[in-house]
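These are the residues of each chain, in order.
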Amino acid sequence: MKQVLHFINGKFLESTSGKFYDNYNPATGKVISKIALGSEEDVDKAVEAASEAMNGEWGNIKINDRIALLYALADEIDSRFDEFLEAETLDTGKPYTIARHIDIPRGAANFKVFADTMKSVADEAYQMDTPDGGIAMNYSRRYPKGVITVITPWNLPFLLMTWKVGPALACGNTVVVKAAESTPTTTALLGEVMNKVGIPKGVFNVVHGFGKDIGDRLTSHPKVDAVTFTGSTPTGKRIMQSSALDLKHLSLELGGKNPAIIFADCDMKKAINETVRSVFANSGQVCLGTERVYVERPIFDKFVNKLKKAGENIKLGIQHDESSDMGPLISKDHQEKVLSYYKLAKDLGANVVLGGGSPKMENGLENGYWIDPTIWTGLSEDSAIVKEEIFGPCCHIAPFDTEEEAIKLANDTEYGLAATVFSENLSKAHRVAGQIDAGIVWVNSWFLRDLRTPFGGMKKSGIGREGGHHSLEFYTELKNICIKM
Ligand code: NAD
Ligand code: 6OD
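A.B. asks: Just checking my understanding: could you explain the environment of Ile318 for this structure?
C.D. replies: Relative to the helices and strands, Ile318 is located in the loop between helix 11 (300–312) and helix 12 (332–347). C-alpha separation for the pair Ile318 and Phe204, spaced 114 residues apart in sequence, amounts to 32 Å. Those residues within four positions of Ile318 in sequence are excluded, and the remaining contacts are Ala27, Thr28, Ser324, Leu365 and Trp370.

A.B. asks: Help me understand the pattern of salt bridges, please; the structure alone is not making it clear to me.
C.D. replies: Where charged atoms from two side chains of opposite charge approach closely, those side chains can pair. Here the structure, examined in full by the defined rule, presents 29 salt bridges. Between Arg217 and Asp44 there is a salt bridge; the shortest N-O distance is 2.6 Å. Remark: Asp44 occurs in helix 1 (residues 40–54) and Arg217 occurs in helix 8 (residues 211–220); sequence separation between them is 173 residues. The class for Arg217 is partly exposed, based on a relative accessible area of 23%. Residue Asp44 is classed as partly exposed on the basis of its relative accessible area of 27%. A salt bridge links Glu312 to Lys308, with the nearest nitrogen and oxygen atoms 3.9 Å apart. Taken together, the positions of Glu312 and Lys308, both in helix 11 and 4 residues apart, correspond to about one turn of that helix.

A.B. asks: I tried to follow the site of ligand 2 on my own but got confused; where do I start?
C.D. replies: Around ligand 2, the structure places Arg106, Asn155, Leu156, Leu159, Leu160, Trp163, Val286, Cys287, Leu288, Phe447, Arg449 and Phe455. With respect to ligand 2, the side chain of Asn155 contributes an N or O atom lying 2.7 Å from an oxygen atom. Here an oxygen atom of ligand 2 and a side-chain polar atom of Arg449 are 2.7 Å apart. Protein chains bury 99% of the 310 Å² of accessible surface belonging to ligand 2 in isolation. More than half of the atoms of ligand 2 fall within 2 Å of the grid points belonging to the largest cavity. In terms of residue class, the shell around ligand 2 is made up of 9 nonpolar, 1 polar and 2 charged. A domain-level breakdown of the shell around ligand 2 finds at least three residues from each of domain 1 (2–254 + 461–484) and domain 2 (258–451).

A.B. asks: Hey, could you run me through the environment of Glu322 in this one?
C.D. replies: Here Glu322 is to be found in the loop between helix 11 and helix 12. For the pair Glu322 and Tyr96, spaced 226 residues apart in the sequence, the C-alpha separation amounts to 6.9 Å. Among the polar contacts made by the side chain of Glu322, one reaches the side chain of Arg100 at a distance of 2.7 Å.

A.B. asks: Hey, could you run me through the pairing of strand 11 (residues 226–230) in this one?
C.D. replies: Successive side chains on a regular strand alternate, one facing one side of the sheet and the next facing the other. Of all 5 residues in strand 11, 5 are buried, a share of seventy percent or more. Residues Ala226, Thr228 and Thr230 point to one face of strand 11 and Val227 and Phe229 to the other, with burial holding for every one of them. The pairing of strand 8 (residues 147–151) with strand 11 spans 4 bridges and is classified as parallel. The residue of strand 11 that forms the bridge with Ile148 is Ala226. Where strand 11 meets strand 12 (residues 249–253), 5 bridges bridge the pair, whose relative direction is parallel.

A.B. asks: Explain the nonpolar core here, please?
C.D. replies: Soluble globular proteins: nonpolar side chains tend toward being buried together. Ranked by size, the top nonpolar core spans 85 residues in total, and within it Val165, Phe204 and Leu288 carry the most contacts. Counting residues in hydrophobic clusters, the runner-up holds 58 residues, among them Val276, Val338, Ile385 and Ile407.

A.B. asks: Quick question: what am I supposed to make of the packing of aromatic side chains here?
C.D. replies: Each aromatic ring pair is specified by the distance between its two centres and by the angle formed by the two planes. The tally for this structure, following the rule as stated, stands at 12 aromatic pairs. Relative to Trp376, the ring of Tyr342 lies with its centre 5.5 Å away and its plane at 85 degrees, an arrangement referred to as edge-to-face. Note that Tyr342 is positioned in helix 12 and Trp376 in strand 16 (residues 374–377), a separation of 34 residues in sequence. When sorted by exposure, Tyr342 lands in the same class as Trp376, which is buried. Geometrically, the ring pair formed by Phe474 and Tyr475 is edge-to-face, given 4.9 Å between the ring centres and 80 degrees between the ring planes.

A.B. asks: Honestly, helix 7 (residues 185–197) in this entry has me stumped. Any pointers?
C.D. replies: Helical geometry: 3.6 residues make up each α-helical turn, so side chains three or four residues apart lie on a common side. The terminal C-alpha atoms of helix 7, which comprises 13 residues, lie 19 Å apart, in line with the 18 Å expected from a rise of 1.5 Å per residue. Burial of helix 7 is extensive: 10 of the 13 residues sit out of reach of the surface. Thr185, Thr186, Thr187, Ala188, Leu189, Leu190, Gly191, Val193, Met194 and Val197 are the residues of helix 7 that are buried. Gly198 sits one or two residues past helix 7 and shows a positive phi near 95 degrees.

A.B. asks: Sorry if this is basic, but what is going on with the layout of surface pockets here?
C.D. replies: Rolled over the atoms, a probe with the dimensions of a water molecule shows which regions are left empty. Roughly 1,300 Å³ of internal volume is contained in the largest pocket. Lining the largest pocket are 49 residues, and of these Trp154, Ala180, Glu181, Ser232 and Thr235 sit closest to its centre. Looking at the lining of the largest pocket element by element, the count peaks at 6 residues for helix 9 (residues 233–244). Class assignment for the residues of the lining of the largest pocket results in 18 nonpolar, 17 polar and 14 charged. The residues that make up the lining of the largest pocket include at least three from each of domain 1 (2–254 + 461–484) and domain 2 (258–451). For the second largest pocket, the lining is made up of 17 residues, of which Ile63, Arg66, Met118, Arg141 and Arg142 are closest to its centre. Taken together, the elements giving at least two residues each to the lining of the second largest pocket come down to helix 2 (63–79), helix 5 (103–120) and strand 7 (135–144). Ranked by residue count, the leading element in the lining of the second largest pocket is strand 7, at 4 residues. Classifying every residue of the lining of the second largest pocket by side-chain character gives 8 nonpolar, 4 polar and 5 charged.

What counts and what doesn't
Residues numbered from 1 in each chain as written. Chains lettered and ligands numbered in written order. Predicted model: local features only at pLDDT ≥ 70, side-chain atom pairs only at ≥ 80, totals over all residues. Heavy atoms only, no water. Helix = DSSP H or I, 4+ residues; strand = E, 2+ residues; numbered from the N terminus. Contact = heavy atoms within 4.5 Å. Salt bridge = Lys/Arg side-chain N within 4 Å of Asp/Glu carboxyl O. Buried < 20%, exposed > 50% of the residue type's maximum accessible area, 1.4 Å probe, protein only. Near = heavy atom within 4 Å. Polar contact = N/O pair within 3.5 Å; in protein donor to acceptor, adjacent residues only side chain to side chain. Areas by Shrake-Rupley, 256 points an atom, 1.4 Å probe, with all protein chains shown as cover. 1 Å grid on protein atoms, 1.4 Å probe; cavity = no way out; pocket = protein on both sides within 12 Å on 5 of 7 lines; lining within 4 Å. Sits in = over half its atoms within 2 Å of the grid points. Nonpolar A, V, L, I, M, F, W, Y, C, P; charged D, E, K, R; others polar. Domains from an automatic or database assignment. Pairing = 2+ DSSP bridges. Core = buried A, V, L, I, M, F, W, Y, C linked by side-chain atoms within 4.5 Å. Phe/Tyr/Trp six-rings, centres within 6.5 Å; stacked < 30°, edge-to-face > 60°. Expected span 1.5 Å × (residues − 1). Points joined across faces, edges and corners; volume = space filled by probe spheres on them.

Shown next, in the form of structure tokens:
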């Protein structure tokens, strides 16, 4: 059976304890690999390696050499594209058709874009008058922060890990990464890529394991300078507490309960095509995905019928079947959680427009964590279905009558990650987008990403922004140097 090991100081290592845990293919429910089970001792080894690397060759590397290495990383990922594709789809169960277009290309892009950002970013400079009638010049310089702990979730494992490792390395830091326990394989594979292109040992380290065992150590270790986390809001709170003890710098990209507002003057085809993606893509396991849809009353029935039809056409299937649109959920636990919301919706008297259960699968997929694409209407706005992040392929659709009401409904949530607005009236779209409390609002589209833009959440969806030069704000320390002339 394949083993997935830690990657520490340039070497693949078993755990100090020698223990492993099982990794399952969500499509079949079968064990596909054994993962090294990390402990605090393994974390300590990785942090020590990362800390030493900061003081070694990497700490003194010329910026052009660093940038060249980042390009080489991207090229090497491209040249091993099929290996990354296979590993990512086996761990997650997501279809090739998704991972080939989103997850793996973004892995390579995340290194290239931040190499470019480092090349092009300008430092500030201010000339000032001094009290003695002379002048002084201030200029700022960026320095790496040091050792960064990177903790990532399972829904877009390679994309979200490289989204943090790319800028962290571009800025000259070293990293200790913990991928989600169910999707560690592409993160480990990146270790091979690091060695191949000549990233010095200790710059990129990976420790596998469970948050409950190693999370606190990863986020409070005295030699860790900053923590960047993507995952759920409850875990984000926990990490904030643990990292506060040593005053770590913190970036948190957390959960969402994202609204879509569909105005009667929308282009219906566009609105349906994009909303089908935003609700069901990646089996609804996208933090930016839509779980609340608000439709202007005159087109409510038409929209619901069309979304239902589009949902009926989604083909569930195994990852390597090129005709599969949707894979399973990530785990048995997550399937149970999402199904508990499906049951609750029925108990609360929802009108189940589509799905509502788990499908009968065949040909070896019987024990996978499959679930129906699901649409509900008719629930009250204060029900758990409308308030809580479900993270499955489902949404609740409700009507609205006025622009003000739509904005109020969209903002009536503790989250503030993303939203979509569909209208062909651009003035209205600008006006509404400006009033929605979310880190990103897409108009007539969804998940259109320019990696130079600020990315992050308002309210309980996170703290800070990453992306483009905003990532540099997190992954570097700025120093002002003031020279009296
Ligand atoms: P999660 O919070 O359960 O786990 C995320 C990571 O945190 C995993 O690696 C896990 O092992 C680790 N972890 C768990 N407990 C920890 C602890 N005490 N200390 C340190 N690390 C710990 O989230 P998940 O279920 O893997 O992912 C789904 C969630 O992530 C959803 O809420 C989704 O919205 C969110 N998410 C947000 C974004 C974003 O960009 N805002 C992107 C993707 C996913
Ligand atoms: O596109 C990105 O950079 C990003 N962080 C996406 C997050 C998706 C959430 O599941």
